[in-house]
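Chain residues, written in single-letter form:
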Amino acid sequence: MPFADGADISAAIPLSDLQGRNHIIKPDATARNLTGAINALIEKAGLRIVAQKRIRMTREQAETFYAVHKERSFFRELVEFMISGPVVVQVLEGENAVLKHREVMGATDPSKAADGTIRKLHAKSIGENSVHGSDAAETAAIEIAQFFSGNEIVG
Ligand code: CMP
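For the structure given in this document, a descriptive report is provided here. (Residues numbered from 1 in each chain as written. Predicted model: local features only at pLDDT ≥ 70, side-chain atom pairs only at ≥ 80, totals over all residues. Heavy atoms only, no water.)

Some points on the packing of aromatic side chains
Moving on, step 1. For the coordinates displayed, the defined rule picks out 2 aromatic pairs.
Moving on, step 2. Ring centres 4.9 Å apart and planes at 85° place the aromatic pair Phe65 and Tyr66 in the edge-to-face group. Of the two residues, Phe65 and Tyr66, neither departs from the other in class, the shared state being buried.
Moving on, step 3. An angle of 50° between the planes, with centres 5.7 Å apart, marks the rings of Phe65 and Phe147 as tilted. Residue Phe65 is located in helix 5 (residues 59–65), and its partner Phe147 is located in helix 9 (residues 137–147); the two are separated by 82 residues in the primary sequence. Of the two residues, Phe65 and Phe147, both sit in the buried class.
Moving on, step 4. Among the aromatic residues, those joined into a cluster by ring pairs are Phe65, Tyr66 and Phe147. (Phe/Tyr/Trp six-rings, centres within 6.5 Å; stacked < 30°, edge-to-face > 60°. Buried < 20%, exposed > 50% of the residue type's maximum accessible area, 1.4 Å probe, protein only. Helix = DSSP H or I, 4+ residues; strand = E, 2+ residues; numbered from the N terminus.)

Here we look at unusual backbone geometry
Excluding glycine, a negative phi dihedral is what most residues carry, and trans is how most peptide bonds are arranged.
Moving on, step 1. Phi at Asn33 takes a positive value of approximately 60°, unusual for a residue other than glycine.
Moving on, step 2. Tracing the backbone through its elements, the reader meets Asn33 in the loop between helix 3 (27–31) and helix 4 (35–44).
Moving on, step 3. Classification of Asn33 as exposed rests on a relative accessible area of 71%.
Moving on, step 4. Phi at Ser130 takes a positive value of approximately 70°, unusual for a residue other than glycine.
Moving on, step 5. Considering the arrangement of structural elements, one finds Ser130 in the loop between helix 8 (118–122) and strand 4 (131–133).
Moving on, step 6. Judged by relative accessible area, Ser130 falls into the buried class, the value being 0%.

Right, dumping it as structure tokens:
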């Protein structure tokens, strides 16, 4: 699996051990100045933010990123939203990161998210739901490689 710079991702992130996760703070959250508040919840949940950058996604990047949803009715809306403002793309690591990450984010629909989760506390709706998290080790590696070069993840 190559990074954006062609380096081998498996050499840089031991995904099987540390369960590297892709996490994105979405435009509704950056617009409300919630990057720090969300990062505090991530760190309190026992995850390490090992790479982070604030970018404005291009339409092409957003369409590639969400290609798995391209047949869904909300695809256009999702892409428009993701390019409507800055996002913060991150790599998270930690023991049991998959579980911890899922727990701290809360359900996709904030009305169904548990108390104390990022989405319960901050999300506005199912579309403007403040954060994205990769859903499996394989998708995490693909998503991370889309945004980061090998030398940008230093542990
Ligand atoms: P995310 O985890 O980023 O992955 C896909 C996104 O699609 C999801 O979060 C939601 O923000 C969005 N999404 C899912 N269902 C809907 C929906 N019914 N309407 C609008 N957006 C949706």
